[in-house]
Structure formats: C-alpha cells, structure tokens
Amino acid sequence: MIVAGCSTYSSNPIGSSYHNLTAHYNAYFIANERMKEIETSLYDGYQWNYNKVLPIYVPVDSNDANSLKDQIEDCVEKASIAIQRHEGSRWEDDSYVLVGKARYYALEYADAIETFKYVNKEGEDDDARHEALIELIKTFVDFNEINNAIVVSDFLKKEDLNSRNQRELSMARAYLFQKRDDLDQLVKNLVVAEALMSRGRERARIDFIIGQVYQQLGFEAEAYNYYQSCLRNGPEYELEFYTKLNMAQVSELTSSGDVKKIRKYFRKLLKDTKNKEYQDKIYYEMANFELKQGNLDEAISFYKQSVRTSVKNQRQKAYSYLKLGQIYYDSLKNFELAQAYYDSTVSTMPKDEENYDKIKQRQEVLDDFVKQITTIRTNDSLIALSNLPDDSLFSLATSIAKQEAQQAQEKKQKEERHKQNIARNTAFDTNSGDLIGTNPVSGATWYFYTPSALGRGASEFQRIWGNRSLEDNWRRSAKSGGEVASADVTNKEAESSEDTKEEAIQERIDELLASVPNSQEQIESMLGEVEVALYNLGNIYNFKLYEKSNAIQTFESLLIRFPSTEYEPEVLYQLYLLYKEPNNTLAQSKADQLKERFPESIYTKLIDNPNYREESQALTEKLKKVYTKAYSLYDQGKYAQSQYLLDSALSTSAENNFSDNLALLRVLTTGKLEGQYKYQFELNNFIKLYPESDLIPYAQSLLKASEDYQINLYNSSKARFVEYFQQKHYIVIVYPNKDELSQGITASLDEFIKSKNFKLTTGNLILDENSALVLINDFPGKASSSNFLKLMKEQIDFGNSFKGEKIYSFAITEDNFNIFYQTRDVNAYLNFFDKHYQ
C-alpha cells in the first residue's frame, strides 16, 4: 500500500508527502545547487568596470554560455527529473523556474520566455508564478522586447508579492530602466530593493551602484551616504577600494583644509602596498580631483603617471589617454598633442566602450588634421632646403641623422630599463611570501619599498666598493684570463655595433638628401600638395574643430600663396561667412571680390540669395518631372511634343544645375526632327553653353558618333566598285567578330581545302569592331573563283553549323577588295556581287 501510494500519479497524503520530500531534497536540490554554481561562475568571471555605473545583473555572452554548457544542461536535466518523476509536487513550479533560468543563461531566450509563461499560466504556487514573471521581465529586456517587459512589470506591481519577490521585482525594474538610460527610475527602484536586502556583499554592491547613480545625477551628499553604507556591508576589497576613491570625489570641500585632507588621503592610498595594482586608478582619480580644482598642470602630470603605472589594466590606461587628449583638445587647443593621445586611446581602449565610435571619429579628424599640417610643414621645409648649397645641405642632413640615432638609442635604453624594472617588481611580487618583512609589525614597511633606506644603502655601497658595474665577480679588482677574453669579445661586439650604427646613419643621410627636391618640376609638385593641404586644413578648422580664427588665417594664407587656386570661389565665400559672423567689414570685401571674379559661381548666387540652394533644389525637383515626361514622349517617337515641353520649361525657369539635362534632351529631339547637320550644330552649341556640365563627355561622344556616321555615309556614297573582272580574285567570308566563329570557320575551310588538294591559303582580318573576315587567295579570274565558291557552299553549310549568326561569302576582285576594305560596307558590295556574279 505504501509502494502504491508513492506512484508518480498518486494524490493520497502518503504519495504527496513522498513526492514533496524527494523532489525537494533530491533532483530540485541538485538543480538549484547547479544554478548557484552557474551564477557564481558568471559573477566571479566578469570584469567589473568601476569607472561606469555597474550593471544590475552580470551580462551573459556567447562565450559564457558555451563555457557553462555542461552545468546548464545538468541543471535542466535534474530539474526535469523533479518535474517528470514527482508530478504535482510542491516543487514542480520551482523546477520549471530553474529550467527557464537555465535557458536564459544559455541565451535561448525564446525557450526561456515560453517556460516562464507556462509557469504563470499553469502554476499553482503564486510565489513561483511571481518569480517566473520577474525572470520573464529580465528575459524580455535582454531579448529587446522592452514593451512586453513593461507590461509584465506593471502587472506585478498590482500583485501581492512576498518580501523576496518584492525585492527581486524592484531589481528587475531597475535593470529595465538601466537599459533605457532612465537614471531617475533606476535609482528609485534600487533604493526600494536595497531596503529589503540583508546585510552582506550583494547589498554592498547595490549601495555602490546607488552611490554611482546619485553621483552622476549630481546628488553628491546622497552618493556619499550610500558609499558609506557600502563600506558598512563588508564589500570585497576591490569594491571597497573603488568606494573609497569615489567617496573622495564626492566629499564636501568647504575650506582649503578639506582639499589638503583629500590629497593626503590619496597619498595614503598610494603608500598602501595592498593598492599597488591599483596605482593607475589612484593617480587617475588624483588627476580628476586636481582638474576639478582647476589645477590643469597637476592634472596632466597625474594622468601621465596613471599611464606609466598602468601595466595590466588597458581600459584604465585608455581612460587616462582620453583625458589627456580631451585636455589638449578642449582646453589647450593643441591639436597635434591631442591627436597623439587620441591615437593612443583608440589603440588601447576596448571596443565595447559606449563612446568608442565617437572617440574614433574625433581621432580620425585629428589624424586628418596632423596629416595636412605635416604635409605643409614638410614640403615647405624641403623646398627651403633645396636653396641651400650642397655642402650646407649635407652638414644639416648629417646633424639630423646623428641626432635621430642618439634619440633612438636613448629611447631603447629607457625601454630596456623599464622592462627590467617591471620584471624586478614582478619577481618581488611573486616571491613576496618568502621575503623578510612579509608579515611586518603594524606601520612597518619592507626595506625595498622605502626610498630613503634605498638611498642610504646605495651611498654606503659606493663608499666601500666604488662605482662598479652589475656583472659576475663584481668584487674582484683584477680579471682572470677568461674574463679578459670575454672583455675582448665584448669590445669586438661593441665595435661591430658601432659600424652598424654608422651605416644606419649614412643610410638616413642619403634618405634625407633624396627627399629634397632638385628640379622645378618636383618643387611644383610639392607646392601643389601644399595648396590642397591648406584648403583641407582650413575646412578642418572651420567645420570639424570649430576654430574660426585659425580657419580664417589658413584660408587667407591659401589665397596669398596661391592666387590662382581652383578653390578661390569657395574660399572667398567661406571667408565672407567667417568675417560676417563678428560683423567684420572684411566680409563685404570678400563678397565684392567673389562677384567681380566669379559672377556665375554658385557661391556668388548664395551671397545674393542665401536660400539659393533650397530654391534651386525645389526647381530641380520640378525640372526632373518635366524631364521624365519629355523623355517618355521622346521614347514614343513624339519628338515635336517633347521639344515643345522642353522649350517651355527652359524658357520659363531660371538657370539651374539640372537645366543641362533638359538642354541635351532637346538636342536629341532636334536631331530627330531636323537632321544630322543641325544635330551636330546643336551639340557643339551645348558644349559651349555648359562647359562645367557632367554631361559634356556624353555630348562629345554623341558628336563624334554623328561625325563618324557622316564620314561613313560619304565613303559609302563614293563606293563605286570596278566592273573589270579580268584580274586576280579572292573569296571572302564575313562573320561576327567572335573567337569561336573565327576558329570554327577557319578550321572548316582548311579541312575543305586540304581534302581537295587546292593550293590555296587563308588569312583572318578584322573588318571593324563588330565583324571579321577570312580571305582565301588567290584565283586567276572570275570563273575559277565562282566555281570554288559554289563548291565550297555545297560542301560547307555555315548557316547550319553556326545557327543564328549572319555569315556572308562572296568572290571579289583585288581592286574591289581594296575599295571594300576601306569603306567596310558589306551591304553595298553584296548588291554589287548579286548583280555581277549570280
């Protein structure tokens, strides 16, 4: 009876108790433990970016889902056992919730959504139903179904939730508003959730996030209070460190003593050995603090120190580079240095940063800026150097090459020392457990971390031993024979290195001398590059850097140095606008120059009518409709109606950048209505009236085609073939100019001639771009060639062999072949052939 009561489908008290007990403490318990392992792994493996507001929940990506695949599947399997073997137990709904969460962490959002909906619809436990709906909100948010998430959230607000679900609902709503960048609602829901939490690390993390949001919103006093609450809840050391840094940022400064107190606090953090790996962050916050106090030089110094001490944290290094770039860009207007720092930012910053694309865009602008200014400086310098005597130029190149070599050597030595320091520090860190002083008395510091002690030790060493190199047997005053030999090898290596250095310097000298222009043509080419660079630089200053004064100076320099520049109309117009803004009288001067020198320019029209572009665009749209209708009439052969429509539009509309399209279509209708000579006249007239039109190449091609047609027509009319047949003849086969036809026809003819033992030869010629021919020579007269042609047509059926291709064969005299080949008029000769040979 007991066994029967424990059946899967039993509903008696014994069976229910059995299924509740075994479902809870067997399959469900194991599945729940797996879920805890999954969430712990995600939390521990996530790289928290404390410079940004922390995410409410740990983000999950495909790499996480793949790495946790086994645990997720095991969780689903165990939860399924609780569902299938203990149907109707109190833990069935909870097991379904675990299945849904596992699908969520596997990024199987559609399956997770269906599972949570099933629990809500079929579940009997209200708490489990509410938990499933809270998880559904998270899933909808990550599945980018925000509206559905809002609907579920609003529904749950009306439900009677237990304390745990109230807390989790507030967390899920905070997550929803975090994704929507609604900081007000985000912090409002987090405060509710935080009040329902027990003391501990999770509450400390939420307190920190609340403090971050309040700090970002400008409520520094509230931020400070929640940072204090974070510390009271026993956070992990990393979170504790960043909390203390943020507290320094939001501390109320009412006197100079408070400023000194914060600076002292930062120095204390730097001295703490536990913060060694966070020194880059400390220097970064020190720089932010000094920047807030208006101390720009100190801020720059600390940002640079942050970069130097940042070894592993590339994101933090990128932030420091970015701050330096922003200072040199926004405050100091030193765009060349800004470019260098933005370049470093982009090369080190992870691409998942929110503002990465904007930072990359500014970096590209600065790259372009440096490119233009470098072109101007380099070319101007090289042109100036071309005027120096050869000996002076060689001396200058030698000096530069040696100076560059010295700087490169110093940089290399500095990098080697830096690497040694890093390796030494790493060794100290690795072996610190075995070093004296690893468990110091409170307030004591290890010897090698004390600069004053190190200084005293170095002085004492020099007093006893003198200045000795760090090498084997450094205590000995005399070297052994092996050591002397080693020294000789070292000296030879040094001599070889010196020779290599001299060769490199000589190569650099040759390179520098080769870059100096030595002809007027090279100088003109460099000046052309300077002209373009000045134009580009002026536009960068004006439209991308918003440096109006520098833009004016650059454009004025362009006009002075290159008075005939092709950019003059546009530059004069830009100067007119730049001078106009501060109501400068020079604006009218630039406008007058533009009107006088370029009366038909679009920029001149813009001065008289600032709305010219808009009005011109509206007119263009109107003319396009006319063009479409006129072309349709032209295409239908209604040339007179098309021309009337075009004439009406051109006569009633002002000149426009689309007018040339209508004018050319009118020329085409003229050709159809009035013949070739009038057509050619109108084409020439169009080319003269619209020299800047994009349609000029097309108009020129039409004109050439018409002229060629006239020439061919003239030649054709002159093609009077000779009616004298007592002379040498050829057989000609004309066919479309295709490789397969050329090979096939030639092969068939050669085979036919060989089979009949005729002593004849064949050759291929191009007739025109569309046709080619085979020439069979030669025959003594008309009769023999006609007989051969008749026999060939009986033996070779070109029409059947090459279906669909137009192939003509005929006999022709030598004189007539010369006329035919010049006129290339196949039809004219076929008429002559039919008359005289058939």
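Presented here is an overview of the structure given in this document. (Residues numbered from 1 in each chain as written. Predicted model: local features only at pLDDT ≥ 70, side-chain atom pairs only at ≥ 80, totals over all residues. Heavy atoms only, no water.)

**Section: the overall build of the protein chain**
Piece 1. Helix and strand content of the protein chain: 37 helices and four strands.
Piece 2. For the protein chain, buried positions account for 40% of its 838 residues.
Piece 3. Across the protein chain, contacts joining residues at least 24 apart in sequence account for 60% of those joining residues at least 6 apart. (Helix = DSSP H or I, 4+ residues; strand = E, 2+ residues; numbered from the N terminus. Buried < 20%, exposed > 50% of the residue type's maximum accessible area, 1.4 Å probe, protein only. Contact = heavy atoms within 4.5 Å.)

**Structural notes on the environment of Ile282**
Piece 1. Structurally, Ile282 can be placed in helix 15 (residues 279–292).
Piece 2. In this structure the C-alpha to C-alpha distance between Ile282 and Ser306, which are 24 residues apart in sequence, comes to 7.6 Å.

**With respect to the nonpolar core**
Piece 1. Ranked by internal contacts, the top residues of the largest apolar core, which has 141 residues, are Ile56, Leu190, Phe266, Phe369 and Leu545.
Piece 2. Of all hydrophobic cores here, the second largest spans 39 residues; its members include Leu760, Leu789, Ile812 and Phe832. (Core = buried A, V, L, I, M, F, W, Y, C linked by side-chain atoms within 4.5 Å.)

**Notes on the packing of helix 6 (residues 109–122) against helix 7 (residues 126–142)**
Piece 1. Packing of helix 6 against helix 7 leaves a shortest axis separation of 8 Å and a crossing angle of 155 degrees. The orientation of helix 6 with respect to helix 7, classified from their angle, is roughly antiparallel. Of the two elements, helix 6 crosses helix 7, and the hand of that crossing is left-handed. Residues Tyr109, Ala112, Ile113, Phe116, Lys117, Val119 and Asn120 of helix 6 pack against Ala128, Arg129, Ala132, Leu133, Glu135, Leu136, Thr139, Phe140 and Asp142 of helix 7.
Piece 2. Class assignment of the residues belonging to the contact of helix 6 with helix 7 gives a composition of ten nonpolar, two polar and four charged. (Axes fitted to C-alpha atoms, helices over the stretch in contact; angles between N-to-C directions. Parallel < 35°, antiparallel > 145°, perpendicular 65-115°, else oblique. Left-handed = near helix turned anticlockwise from the far one by under 90°. Nonpolar A, V, L, I, M, F, W, Y, C, P; charged D, E, K, R; others polar.)

**Some details on the packing of aromatic side chains**
Piece 1. For the structure on display, the rule yields 52 aromatic pairs.
Piece 2. Each ring, one from Tyr50 and one from Tyr242, has its centre 4.4 Å from the other, and the planes form 10 degrees; the classification is stacked. On the criterion of sequence distance, the pair formed by Tyr50 in the loop between helix 2 (13–45) and helix 3 (62–67) and Tyr242 in helix 13 (residues 237–250) is long-range, its members being 192 residues apart. Taken as a pair, Tyr50 and Tyr242 share a single burial class, namely buried.
Piece 3. Clustering of aromatic rings is evident, with ring pairs tying together Phe721, Phe725, Tyr730, Phe810, Phe817, Phe820, Tyr829, Phe832, Phe833 and Tyr837.
Piece 4. Directly above the ring of Phe725 sits Lys782, whose terminal nitrogen or CZ lies 4.6 Å from the centroid.
Piece 5. Residue placement shows Lys782 over the ring face of Tyr837; its charged tip is 5.0 Å from the ring centre. (Phe/Tyr/Trp six-rings, centres within 6.5 Å; stacked < 30°, edge-to-face > 60°. Lys NZ or Arg CZ within 6 Å of the ring centre and 35° of its normal.)

**Re the side chain of Glu682**
Piece 1. Mapped onto the elements, Glu682 comes out in helix 31 (residues 676–689).
Piece 2. Sequence-distant contacts of Glu682, that is, excluding residues within four places in its chain, are made with Val667 and Thr670.

**A closer look at a nonpolar patch on the surface**
Piece 1. On the surface, Leu388, Leu396 and Ile400 cluster together to form a nonpolar patch covering roughly 200 Å² of accessible area.
Piece 2. Tracing the chain through its elements places Ile400 in helix 20 (residues 390–430).
Piece 3. Residue classification places Ile400 among the partly exposed residues on the basis of a relative accessible area of 31%. (Patch = residues over 30% accessible without salt bridge, like charges linked within 9 Å, V, L, I, M, F, W, Y side chains within 5 Å. Areas by Shrake-Rupley, 256 points an atom, 1.4 Å probe, with all protein chains shown as cover. Salt bridge = Lys/Arg side-chain N within 4 Å of Asp/Glu carboxyl O.)

**A few points about a positive patch on the surface**
Piece 1. Positive charge collects at one region of the surface, where Lys264, Arg267, Lys268 and Lys271 lie side by side.
Piece 2. Looking at the element boundaries, Lys271 is found in helix 14 (residues 256–271). (Lys, Arg positive; Asp, Glu negative; His and termini not counted. Charge placed at Lys NZ, Arg CZ, Asp CG, Glu CD.)

**Concerning unusual backbone geometry**
Piece 1. For the bond running from Asn777 to Asp778, omega is -15 degrees, close enough to zero to count as cis.
Piece 2. Mapped onto the secondary structure, Asp778 falls in strand 3 (residues 771–779).
Piece 3. Residue Asp181 is not a glycine yet carries a positive backbone phi of 60 degrees.
Piece 4. On the secondary structure map, Asp181 appears in the loop between helix 9 (163–179) and helix 10 (183–195).
Piece 5. Judged by its relative accessible area of 66%, Asp181 falls in the exposed class.

**A few points about the sheet that holds strand 1 (residues 729–736)**
What holds strands together in a sheet is hydrogen bonding between their backbones, with the strands either parallel or antiparallel.
Piece 1. If you walk across this open sheet you meet the four strands as 2-3-1-4, and the pairing is antiparallel. Looking at strand neighbours, the two that pair on one side only are strand 2 (761–766) and strand 4 (808–813), the edges of this open sheet. Taking each pair of neighbouring strands and ignoring which way they run, the sheet shows an average axis angle of 25 degrees.
Piece 2. Pairing of strand 2 with strand 3, which is carried by six bridges, proceeds in the antiparallel orientation. Within strand 3, the position partnered with Gly763 by the bridge is Leu775.
Piece 3. Contacting strand 1, strand 2 and strand 3, helix 33 (residues 739–755) crosses the sheet at an angle of about 150 degrees to strand 1. (Pairing = 2+ DSSP bridges.)

**Points about the packing of helix 16 (residues 296–309) against helix 17 (residues 314–331)**
Piece 1. At a closest axis distance of 8 Å, the pairing of helix 16 and helix 17 adopts a crossing angle of 150 degrees. In this view, helix 16 runs roughly antiparallel relative to helix 17, as classed from their interaxial angle. With respect to the hand of their crossing, helix 16 and helix 17 are arranged in left-handed fashion. In this structure, helix 16 contributes Leu296, Ile300, Tyr303, Lys304, Ser306 and Val307 to the contact, and helix 17 contributes Gln316, Lys317, Ser320, Tyr321, Lys323, Leu324, Ile327, Tyr328 and Ser331.

**Concerning the pairing of strand 4**
Piece 1. Burial runs high along strand 4: five of the six residues are buried.
Piece 2. As paired strands, strand 1 and strand 4 are joined by six bridges and run antiparallel to one another. The residue of strand 4 that forms the bridge with His729 is Thr813.

**Examining helix 11 (residues 201–217)**
Two residues of an α-helix separated by three or four positions point the same way, owing to the 3.6 residues in each turn.
Piece 1. Compared with an ideal rise of 1.5 Å per residue, which puts 17 residues at 24 Å, helix 11 spans 24 Å between its outermost C-alpha atoms and is within 8% of the ideal.
Piece 2. Summarising burial for helix 11: twelve of the 17 residues are buried, a large majority.
Piece 3. Of all the positions in helix 11, only Arg203, Ala204, Arg205, Ile206, Asp207, Phe208, Ile209, Ile210, Gly211, Gln212, Val213 and Tyr214 are classed as buried.
Piece 4. Gly218 lies just past helix 11 and shows a positive phi near 95 degrees. (Expected span 1.5 Å × (residues − 1).)

Functional significance is not addressed by these values, which are geometric in nature.
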